[in-house]
Amino acid sequence: MEIDSILNKKIFSRSDLVDLLQSEGQAKEALFNFSSKLKNETVGNSVYLRGLIEYSNICSKNCFYCGVRRGNKSIERYSLSNAEVLDAARYAFQNNFGSLVIQAGERSDRNFVHTISELLKEIQKLSNGQLRVTLSLGEQTEDTFKLWRESGAHRYLLRIETSNRELYAKLHPNDRIHNYDERLKSLDLLRKTGYQLGTGVMVGLPFQTVGILAEDLLFIKSLDVDMVGMGPYVEHELTPLYKYKDELLPKADRFELSMKMIALLRILMPDINMVATTAMQTLHPQGREIALRIGANVVMPNLTPLKYREDYQLYADKPNIHEDTEESLQELELKCAEAGCVIAYNQWGDSKHYSSRQKY
Ligand code: 5AD
Ligand code: SF4
């Protein structure tokens, strides 16, 4: 079938998506042009800023792909002090960021749950309720999700990583805390608790097929999420999955495939927020800008104090671990402009999808 007639369909089947994921040459260009145009017509060319605070690399999990997994004994474990978190939040507020993301390894002990709750309240205080906070702190109980929501968090990002059960099992230890159904349950609880919900997958994982990626797209659509953070898998030497490094797609192809995923999700869900991730930049020097051009509309400048960044490497060669934020902010403005986008300062940047959901 001609590419244009597929792109203009109202409903995409798995096999349409597989075809589009495999498009090359002119067909691929047509896909990117289509998603880029649709993005500008639907959510415009604003880029929303989320200041990223990598709060802690202490994690009770052992995901096979991740550099901060519990089993990696070669990194120093840290947690920011409350003062460091609040300084970063103040920086975001004073620099006209509309929102923050607090991300960390997964923990569910009382001390952690309580500290996050206190920090959320403090952040609301110091910004007069003007900073929207997204949490990315893994699976938690319903009570914890509720507590954090009531303490001031509005959004939660929990990636499904892959929607395919068999692949999920290959990427995680076979135990209760790494369970696919538990992850689904958490996503459900987050929706019920009233968060703006985000999920996402990694692209280019070992054993992943384009069929699985097509199903990921349909899965994300069926969850009716408000935001998506998805990006290429980048192998990390100190993880069990590293042994499959020779079976991975070459980095350039993994990057391309991630861009096709972004473009297709923009077409399937035109009004959601989508992040241009740092992992994209790792695989391609202009990765983030390309993502912004074809479909993404959110960037997350890193506000973690520099001394900790070395130890928060989920994947190898993570960019900006030696760069300070102001330098990257100026650079970011230029790069957004190159991508035809403008940074939307002082805006929460709730996804249009969420705002429309509220009306019904
Ligand atoms: N490559 C790319 N992304 C990764 N993440 C963890 N490890 C890697 C990796 N090796 C992502 C996961 C997780 C998020 C915090 O980081 O998708 O949800
Ligand atoms: Fe921990 Fe998240 Fe890394 Fe898994 S992906 S080991 S939960 S930080």
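As a convention, each chain's residues are numbered from 1 in the sequence order in which they are written. Chains carry letters and ligands carry numbers; both start at the beginning, A for chains and 1 for ligands, and go up in the order they are written. Reporting of local features is limited, given that this is a predicted model, to residues whose pLDDT is at least 70; pairs of side-chain atoms are given and counted only at 80 or more, and all residues count toward the totals for whole chains, interfaces and linings. Where side-chain values are given, they derive from all heavy atoms of the structure, hydrogens and water being excluded.

Draft legend 1. Structural context of the site of ligand 1. Taken together, Tyr65, Cys66, Gln103, Arg159, Glu161, Met202, Pro232, Tyr233, Val234, Leu314 and Tyr315 form the complete shell of residues around ligand 1. Two N or O atoms count as a polar contact when they lie within 3.5 Å, although within protein this holds only if one can serve as hydrogen donor and the other as acceptor, and sequence-adjacent residues are included solely when both atoms are side-chain atoms. Between an oxygen atom of ligand 1 and a side-chain N or O atom of Arg159, the distance comes to 2.8 Å. A distance of 2.5 Å is found between an oxygen atom of ligand 1 and a side-chain nitrogen or oxygen belonging to Glu161. We get accessible surface area from the Shrake-Rupley algorithm with a probe of 1.4 Å; when it comes to residues, only the shown protein chains can shield them. Across the complex, the protein chains shield 88% of the 400 Å² of accessible surface that ligand 1 would expose by itself. In terms of residue class, the shell around ligand 1 is built from eight nonpolar, one polar and two charged. Residue proximity to a molecule or strand is established when one non-hydrogen atom of the residue lies within 4 Å of it. Residue type decides the class: Asp, Glu, Lys and Arg count as charged, Ala, Val, Leu, Ile, Met, Phe, Trp, Tyr, Cys and Pro as nonpolar, and the leftover types, Gly among them, as polar.

Draft legend 2. Spotlight on the site of ligand 2. Around ligand 2, a shell composed of Cys59, Lys61, Cys63, Tyr65, Cys66, Val68, Arg69 and Gly105 is seen. In terms of residue class, the shell around ligand 2 is built from five nonpolar, one polar and two charged.

Draft legend 3. Region of the structure containing the packing of aromatic side chains. Only the six-membered ring of Trp is used, alongside the rings of Phe and Tyr, when aromatic pairs are assigned; centres must lie within 6.5 Å, and planes under 30 degrees apart are stacked while those over 60 apart are edge-to-face, with the rest tilted. The final tally for this structure, using the stated rule, is nine aromatic pairs. Each ring, one from Phe112 and one from Trp148, has its centre 6.2 Å from the other, and the planes form 75 degrees; the classification is edge-to-face. Residue Phe112 is found in helix α5 (residues 110-126), and its partner Trp148 is found in helix α6 (residues 142-151); the two are separated by 36 residues along the sequence. In this structure, Phe112 and Trp148 share a single accessibility class: buried. An angle of 75 degrees between the planes, with centres 5.4 Å apart, marks the rings of Tyr168 and Tyr180 as edge-to-face. Residue Tyr168 is found in helix α7 (residues 165-171), and its partner Tyr180 is found in helix α8 (residues 180-192); the two are separated by twelve residues along the sequence. Take Tyr168: its relative accessible area is 2%, and that puts it in the buried class. Members of the aromatic cluster, connected to one another through ring pairs, are Tyr55, Phe112 and Trp148. For a Lys NZ or an Arg CZ to count as sitting over a ring, it must be within 6 Å of the ring centre and within 35 degrees of the ring normal. The residue whose ring lies beneath Arg149 is Tyr195, and the NZ or CZ to ring-centre distance is 6.0 Å. Taking NZ or CZ as reference, Lys170 lies 4.9 Å from the ring centre of Phe207, over its face. Strands here mean DSSP runs of E at least two residues long; helices mean DSSP runs of H or I at least four residues long; both are numbered from the N terminus. A simple rule labels every residue: compare its accessible area, found with a 1.4 Å probe on the protein chains alone, to the largest value its type can have, and call it buried under 20%, exposed over 50%, or partly exposed in between.

Draft legend 4. Main features of helix α2 (residues 14-21). What α2 keeps buried is the set Asp16, Leu17, Val18, Leu20 and Leu21. Here, residues are in contact when the closest pair of their heavy atoms is within 4.5 Å. Of the surrounding secondary structure, the elements contacted by the buried residues of α2 are α1 (3-7), α3 (25-42), α9 (210-223) and α10 (251-268).

Draft legend 5. Seen up close, the nonpolar core. Throughout, nonpolar core names a set of buried Ala, Val, Leu, Ile, Met, Phe, Trp, Tyr and Cys residues whose side chains join them through atoms within 4.5 Å. Ranked by size, the top nonpolar core spans 94 residues in total, and within it Leu135, Trp148 and Leu265 carry the most contacts. Broken down by element, this core gets its largest block of residues, ten residues, from α10. Ignoring anything within four residues of it in the chain, the contact list for Leu135 reads Ile102, Ile116, Leu120, Trp148, Ala153, Arg155, Tyr156 and Leu157. Formed by 13 residues, the second largest nonpolar core is a distinct cluster that contains Cys63, Tyr65, Cys66 and Ile212.

Draft legend 6. Representation of the pattern of salt bridges within the structure. The salt bridge criterion pairs a side-chain nitrogen of Lys or Arg with a carboxyl oxygen of Asp or Glu, the two atoms within 4 Å. Applying the stated rule across the entire model yields 22 salt bridges. Asp350 serves as the salt-bridge partner of Arg132, at 3.3 Å between the closest nitrogen and oxygen. Linking Arg132 in strand β3 (residues 132-136) with Asp350 in the loop between β11 (342-344) and α15 (352-358), this pair joins segments that are 218 residues apart in sequence. Take Arg132 and Asp350: they sit in the same class, and that class is buried. A single network of salt bridges, built from pairs that share partners, joins Lys61, Glu106, Glu139, Glu161 and Arg183.

Draft legend 7. The packing of α10 against helix α12 (residues 287-294), seen in detail. The interhelical angle for the contact between α10 and α12, taken along N-to-C directions, is 25 degrees, at an axis separation of 9 Å. The orientation of α10 relative to α12 falls into the category roughly parallel. Where α10 crosses over α12, the two elements pack in a sense that is right-handed. Mapping the contact onto sequence places Phe255, Met259, Ile262 and Ala263 in α10 and Gly287, Ile290, Ala291 and Ile294 in α12. Residues of the contact of α10 with α12, tallied by class, amount to seven nonpolar, one polar and no charged. To obtain an axis, a line is fitted to C-alpha atoms, over the contacting stretch when the element is a helix, and the angle between two such axes runs from 0 to 180 degrees between their N-to-C directions. The labels follow the angle: roughly parallel below 35 degrees, roughly antiparallel above 145, roughly perpendicular from 65 to 115, and oblique for the rest. Here a crossing is taken to be left-handed if its near helix is turned anticlockwise relative to the far helix by less than a right angle, and right-handed if that turn runs clockwise.

Draft legend 8. Examining the pairing of strand β2 (residues 99-104) more closely. The buried count for β2 comes to six of six residues, which makes it a mostly enclosed element. Covered by surrounding structure in β2 are Ser99, Val101 and Gln103 together with Leu100, Ile102 and Ala104, the residues of both alternating faces. Strand pairing is defined by DSSP finding a minimum of two bridges between the two strands. Pairing of strand β1 (residues 46-56) with β2, which is carried by six bridges, proceeds in the parallel orientation. What sits directly across from Ser56, in β2, is Ala104. Examined bridge by bridge, β2 and β3 share five bridges and lie parallel to one another. Bridge assignment links Leu100 to a residue of β3, and that residue is Val133.

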